[in-house]
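Chains, contacts and geometry: an overview
Below are the chains, spelled out letter by letter.
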Amino acid sequence: MSTLGLPIPYSRWRRTVQQYAGLVLNVFPPFIYLLLFFYAPMALLFVMSFWKSGYMELEPAFTLENYRAFLSNPTYRRIMWNTFVTVTGVMALLVVVGYPIAYFLARMVRRYDALLIYLLIIPVEINYLIRIYAWKIVLGRSGIINAALMYLGLIDEPLRFLLYSRTAVMIVLIHEWLPYVVIPVYVALKGVPQEIVEAARDLGAGRWDVFRYIYLPLSLPGLFASFILVYIPMLGEFAIPSIVGGPSGYMLGNVIESQFLAAGNWGLGSAIGFLLLFITLVLVAIVIKVTGLEELM
Amino acid sequence: MTIREGLQHGKENGLAVEHLVKRFGPLVAVDDVSFSVAPGEFFSLLGPSGSGKTTTLRIIGGLTVPDEGEVYLGGERITYWPPEKRDVNIVFQNYALFPHLTVFENVAFGPRRRGWPERKIREEVTRFLKMVHLEGYEGKYPRQLSGGEKQRVALIRALIMHPKVLLLDEPLGALDLKIRQELQLELIRIQEEVGITFIYVTHDQGEALTMADRIAVMNRGKILQIGDPKTIYEQPVNRFVAHFIGNTNFFEGQVVKVEGGMALVDVPGLAQIWGVPVGEVRAGLPASVSVRPEKMYISRHPPKGGSFNVLQGIVEDMIYTGVSTEFIVRLPTGQQVRVFAQNISKDAEIWKITWDEKVWVYWRPDRSLVFVE
């Protein structure tokens, strides 16, 4: 407001409108898209999880019956436990396998690291389902692995646990998600300035110390990014267990899927989905707290 | 002490490098560099960017392995020792602080790798933080510090290791003038306090002149001259050093004759100028005469008596800086010369000089140097 009590000059007013118009035009379309097609359905499902629900029926109410039904069912509890064990195990294996690859690409390959990263990504560009079915050929009774082992005389009859098992789910999950672990860690390691490494060496750090005190802590944000990228979607995975998992590879994602598509119980499906989301958020919060990542971000 | 004796001395007690060569592809970054530094000395490697000074420093620090030559420290040959084994520490140009560690942890990084007891580490870190006036900064992260504060942390992070030699790679290069001057004085004070040998790389000749006991001037991988600041300034060994250190006026011409320890140079269209010959000056060779602005007189009248080199010109500009006035005088050839006059008295004759006035510029022949090359 001007001191003379005059209205805001036209030019300034126009500038303000232009600024806001720019902002609105830039931010609104994606925001509205997200609102309509992501947050609104999410909110609807969240509300539904408290409705009275059964086979092909859904009645607005407020009840915790769906949550109770899930948590009191021992089969569901076992599947939930199995899901977390499988996914946590796969995550650990992914770090064990992926971190050295990322370190190798970022710090030990001089020239062709971009090419090698691309080789890592190529499989991702093949259709998801085709890749899973391809694994059936590799892991099956008369698949490549069994055939090779039998030919070499190492086994007399095909290994059964290779397909339709939790092992199969884990193998395929690792293959599926490896690039998403390698790339964020690779980027974090690649971003460590050479000078900092030299400063550490200069101050008496040997090669192991440099890894322990420089590379490892500075790559934690990358590791955390890959945790978010990988762990959470893996918890909801249903295609891989339903194709290669068999009964013992059954995961929570399959339960949710069947509630929506087969059992027609949307209320229960929503309740399980939100329970999963809640547990995941708690896990993320714990990871942030324990690793002290706020300090790095 | 001869150079050979000096090297021997440096080899046994301080630091010495001998015939260092480092090539990067076709580029010879360091080309047969030798010098020695006495314990406790403040030694500066001075040169333009790309002159090989930083590579030389990195070789001493163990971050770069030389293709040829040796590095000696305290009587030991350390040429191929890894950096973590050397009793030498570096203050990096861009500080290279550990971004994920606090100020305390940054400074304690070296001592922890050496396995000092935690109590001693706490005491020493506190003592060094106090030395650079950073008490209370223990818990801050590098990103919360100003440039000057980061530089102080980088300095004590290296100093706390009590190295035999501290290598500083343009440590003040990224700071603004005022903080730079402040830290220059602080560095000199700290160096005297801790008594550690400093090797200070800079491209700022003023900084080298102010701070160093001795300076090595480098260009294109070679050391051109080693000496104390006064020698480097007053007796440069070639045109490059004269040009690089301080301000100077050059007159290009041809040597007419050399007699009585002086050389006469004919500057076409201007005059014949006497100067002290430097190196192999012979009649007929092309030559540059160098004379520094503060060695010249400026007057509205020609000099009376005495033997002077005398030039005439027109005052093109006058820059008053308080302690002195800089005159820019245009000569008949179009060349400009700079002349400094000290502001001794406000009534001096010199103050009557104004723009576009015809003036005489003159100096004693032994104040100018003649270079051939």
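Higher on the page you've got the structure.
Let me begin by describing the structure that accompanies this report. Just so it is clear, the structure is predicted and the values come from calculations on it, not from any experiment.

1. Here we look at the overall build of chain B
The helix and strand inventory of chain B stands at nine helices and 20 strands. Considering only C-alpha atoms, chain B reaches an extent of 75 × 45 × 35 Å along its principal axes. Here chain B holds 373 residues, and 53% of them are scored as buried. Counting only contacts in chain B whose residues sit at least 6 apart along the sequence, the fraction spanning at least 24 positions is 67%. Element-wise, carbon and sulfur atoms account for 51% of the exposed surface of chain B, whose accessible area totals about 17,200 Å².

2. A word on the sheet that holds strand S4 (residues 68–73) of chain B
Residues and elements named next belong to chain B. Strand order in the open sheet formed by four strands is S2-S1-S4-S5, and the pairing between neighbours is antiparallel. Whereas interior strands pair on both sides, the edge strands pair on one side only; in this sheet they are strand S2 (27–37) and strand S5 (76–77). As paired strands, strand S1 (residues 15–24) and S2 are joined by eight bridges and run antiparallel to one another. When the bridges of S2 are listed, Lys22 appears paired with Val30. Contacting S1, S2 and S4, helix H2 (residues 53–61) crosses the sheet at an angle of about 120° to S1.

3. Some details on the environment of A:Phe224
Among the structural elements, A:Phe224 can be located in helix H9 (residues 207–235). Separated by 64 residues in the primary sequence, A:Phe224 and A:Ile288 have C-alpha atoms spaced 8.2 Å apart.

4. Description of the environment of B:Val310
Residues and elements named next belong to chain B. Positionally, Val310 belongs in strand S16 (residues 309–320). Looking at Val310, the relative accessible area reads 36%, which means it is partly exposed. Expressed as a C-alpha distance, the spacing of Val310 and Pro365, which sit 55 residues apart in the sequence, is 9.7 Å. Every residue in contact with Val310, bar those within four places of it in the chain, is listed here: Ala271, Pro303, Trp360, Val361 and Tyr362.

5. Some words on the sheet that holds strand S3 (residues 42–46) of chain B
Residues and elements named next belong to chain B. Overall, mixed pairing links the six strands, which are arranged S6-S7-S8-S3-S9-S10 in an open sheet. Edge strands, defined here as strands with exactly one partner in the open sheet, are strand S6 (88–91) and strand S10 (222–227). Sheet twist, expressed as the average angle between the axes of neighbouring strands with direction ignored, equals 20°. In terms of strand pairing, strand S7 (residues 165–169) meets strand S8 (residues 197–202) through five bridges, oriented parallel. When the bridges of S8 are listed, Val165 appears paired with Thr197.

About the thresholds
- Residues numbered from 1 in each chain as written.
- Chains lettered and ligands numbered in written order.
- Predicted model: local features only at pLDDT ≥ 70, side-chain atom pairs only at ≥ 80, totals over all residues.
- Heavy atoms only, no water.
- Helix = DSSP H or I, 4+ residues; strand = E, 2+ residues; numbered from the N terminus.
- Buried < 20%, exposed > 50% of the residue type's maximum accessible area, 1.4 Å probe, protein only.
- Contact = heavy atoms within 4.5 Å.
- Areas by Shrake-Rupley, 256 points an atom, 1.4 Å probe, with all protein chains shown as cover.
- Pairing = 2+ DSSP bridges.
- Axes fitted to C-alpha atoms, helices over the stretch in contact; angles between N-to-C directions.

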